[in-house]
Amino acid sequence: DTSVVTKAKTEGTEYVTNDNIEDFLGTFYRTNVYAGTPFLTIFSDEVGGSVAEKTLTDNNVAVTIPATNITAGGPNIGPDTKVNVYTNYQLEKGSSSELVLENVRVLEVLYAEVYNETTEAPVIEGVTLEIAPEDSAIIQHASDFGTIRLAVIDAEYKPVKGVIRY
């Protein structure tokens, strides 16, 4: 991703050295680290922000929802996966399910530190979605008072006309 390199050059990013290491101890470092890899300050949360912040499209927000391998659309979901978002509510008489957002980009998947003992798949605990600010209340409301399910869609997906309710 050349945008990170360009951003690093324009923002005066530097290497983490003995002279400035104290500024970065205890912070998260958002890249894989291998022996001999130089540390760039842009990859720390202190300078570069989190993965979600660095990859957000202009004017969108990152919203993290609780999720499982089932509600997230499967254990193989990952960053840049596109999903549809469904909300479900228990009502006094019956229940309600609704397709509320379509073609939403996944920014991050949060994993537990354990694997499923049967399938050996990673266990998902949450998913961070990139959405428009005006849609964030829909997600927050469903997270607090109902449930949210994601459905993975393919690149050829065509949005449905109108909202689907059941």
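Treat the numbers as computed from the prediction; the structure is a model and nothing was measured.

## Details of the overall build of the chain
- Counting secondary structure elements, the chain contains 4 helices and 5 strands.
- Starting at the N terminus and walking to the C terminus, you meet the elements of the chain as α-α-α-β-β-β-β-α-β.
- Considering the chain as a whole, with its 166 residues, one finds that 33% of them fall into the buried category.
- Of the contacts made within the chain by residues no fewer than 6 positions apart, 63% connect residues no fewer than 24 positions apart.
- Carbon and sulfur atoms make up 51% of the accessible area of the chain, which amounts to about 11000 Å² in all.

## Remarks on the confidence of the model for the chain
- With 66% of its residues at a pLDDT of 70 or more, the chain has an overall mean of 76.
- Put simply, helix α1 (residues 2-10) is where the chain has its lowest mean pLDDT, 43, and strand β5 (residues 147-152) is where it has its highest, 93.
- Between residues 1-10, whose pLDDT stays under 50, and residues either more than four places distant or in other chains, the model counts 6 contacts.

## Concerning the pairing of strand β2 (residues 82-91)
- Here 9 bridges tie β2 to strand β3 (residues 94-115), and the two strands are oriented antiparallel to one another. Bridge pairing links Lys82 to Arg105 in β3.
- Connecting the antiparallel pair β2 and β3 is a turn made up of 2 residues.

## Considering unusual backbone geometry
- For Asp80, which is not glycine, the phi dihedral falls at a positive 75°.
- Examined against the element boundaries, Asp80 turns out to sit in the loop between β1 (61-66) and β2.
- Backbone geometry places Asn103, a non-glycine residue, at a positive phi of 55°.
- Residue position: Asn103 is located in strand β3.
- The exposure class assigned to Asn103 is partly exposed, which follows from its relative accessible area of 41%.

## Observations concerning the pairing of strand β4 (residues 122-131)
- Of all 10 residues in β4, 7 are buried; the element is thus mostly enclosed.
- Inspection of the sheet shows β1 paired to β4 by 6 bridges, in the antiparallel sense. Its bridge partner lying in β4, Val63 is registered against Leu129.
- By the bridge criterion, 7 bridges tie β3 to β4 in an arrangement that is antiparallel. Of the residues in β4, the one forming a bridge with Tyr111 is Ile124.

## Some thoughts on the pattern of salt bridges
- Following the criterion strictly, the structure yields 2 salt bridges and no others.
- The partner of Arg105 in a salt bridge is Glu130, and the shortest N-O contact between them spans 2.9 Å. With Arg105 in strand β3 and Glu130 in strand β4, this pair connects stretches of sequence that are 25 residues apart.
- By relative accessible area, which is 15% here, Arg105 ends up buried.
- Several salt bridges share partner residues, and in doing so they unite Asp80, Arg105 and Glu130 into one network.

Rules used throughout
Residues numbered from 1 in each chain as written. Predicted model: local features only at pLDDT ≥ 70, side-chain atom pairs only at ≥ 80, totals over all residues. Heavy atoms only, no water. Helix = DSSP H or I, 4+ residues; strand = E, 2+ residues; numbered from the N terminus. Buried < 20%, exposed > 50% of the residue type's maximum accessible area, 1.4 Å probe, protein only. Contact = heavy atoms within 4.5 Å. Areas by Shrake-Rupley, 256 points an atom, 1.4 Å probe, with all protein chains shown as cover. pLDDT = per-residue confidence, 0-100. Pairing = 2+ DSSP bridges. Salt bridge = Lys/Arg side-chain N within 4 Å of Asp/Glu carboxyl O.

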